[in-house]
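Take a look at the letters that make up each chain.
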Amino acid sequence: MQKQINIKNRRARFDYELIDTYVAGIVLSGTEIKSIREGKASIAEGFCEFNPGGELFVINMQVDEYSHGSHFNHQPKAARKLLLNKQELAKLHKAVKTTGNTIVPLNLFINDRGLAKLKIALAKGKKQYDKRETIRSRESKRQLDRVKKAFNS
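Residues numbered from 1 in each chain as written. Predicted model: local features only at pLDDT ≥ 70, side-chain atom pairs only at ≥ 80, totals over all residues. Heavy atoms only, no water.

Things to note about the pattern of salt bridges
- Tallied over the full model, the rule gives nine salt bridges.
- For the salt bridge of Glu45 with Lys77, the shortest nitrogen-to-oxygen distance reads 3.0 Å. A residue pair is termed long-range when its members are at least 10 positions apart, and Glu45 in the loop between strand E3 (41-42) and strand E4 (47-50) and Lys77 in the loop between strand E6 (62-63) and strand E7 (80-83) qualify at 32 residues.
- Residue classification places Glu45 among the exposed residues on the basis of a relative accessible area of 53%.
- Note that Arg142 is salt-bridged to Glu139, the shortest N-O span being 3.1 Å. Taken together, the residues Arg142 and Glu139, both in helix H4 (residues 128-152) and three residues apart, mark about one turn of the helix.
- A relative accessible area of 39% means that Glu139 is categorised as partly exposed. (Salt bridge = Lys/Arg side-chain N within 4 Å of Asp/Glu carboxyl O. Helix = DSSP H or I, 4+ residues; strand = E, 2+ residues; numbered from the N terminus. Buried < 20%, exposed > 50% of the residue type's maximum accessible area, 1.4 Å probe, protein only.)

Here you go:
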């Protein structure tokens, strides 16, 4: 039985306000999928962009070279095409083009059929004061949990 691969972008939920999420397939070569199955990938600095043809690509996604690969190994930071329905692509393209939204990768995983999928989100960037408010609410929640735990003990 293979281990579950679930690579997350932890900064995305902190830096962006998520509007809508989608699950997209990724076009990968042989050594790329083998490297992802080993867990050697990172989407922390990644973002998604449309090319002039209207296709969606993930940029800056790091997939390390496969350890047992030959000289035909892949490029670690190559742009990789994402696969979505036509309607989803049109909706995302319109939202990115008209307003100040962006598309960020949230989660890279292998589904039960063995295919690599990328969970992406249409997002709007948070301001600095929004980030401070997020930190403040997280700290108050932790404090409240500590008090509840001490009271129940």
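There's plenty left to go through after this.
Some words on helix H2 (residues 30-37)
- The set of residues buried in H2 consists of Thr31, Glu32, Ile33, Ser35 and Ile36.
- Each element contacted by the buried residues of H2 is listed here: E3, E6, E7, strand E8 (101-110) and strand E9 (116-125).
- Two residues or fewer past H2, Gly39 is found with a positive phi of approximately 85°. (Contact = heavy atoms within 4.5 Å.)

Focus: unusual backbone geometry
- For Asn60, which is not a glycine, the phi torsion comes out positive at approximately 65°.
- With respect to the secondary-structure elements, Asn60 resides in the loop between strand E5 (56-59) and E6.

Remarks on the side chain of Asn9
- Checked against the element boundaries, Asn9 lands in the loop between strand E1 (6-8) and helix H1 (10-15).
- Classification of Asn9 as buried rests on a relative accessible area of 8%.
- From its side chain, Asn9 meets the backbone oxygen of Pro105 in a polar contact 3.0 Å long.
- Beyond its immediate sequence surroundings of up to four residues, Asn9 is in contact with Ile43, Ala44, Pro105 and Leu106. (Polar contact = N/O pair within 3.5 Å; in protein donor to acceptor, adjacent residues only side chain to side chain.)

With respect to the environment of Asn60
- The exposure class assigned to Asn60 is partly exposed, which follows from its relative accessible area of 27%.
- Placed 14 residues apart in sequence, Asn60 and Gly46 show a C-alpha to C-alpha distance of 4.6 Å.

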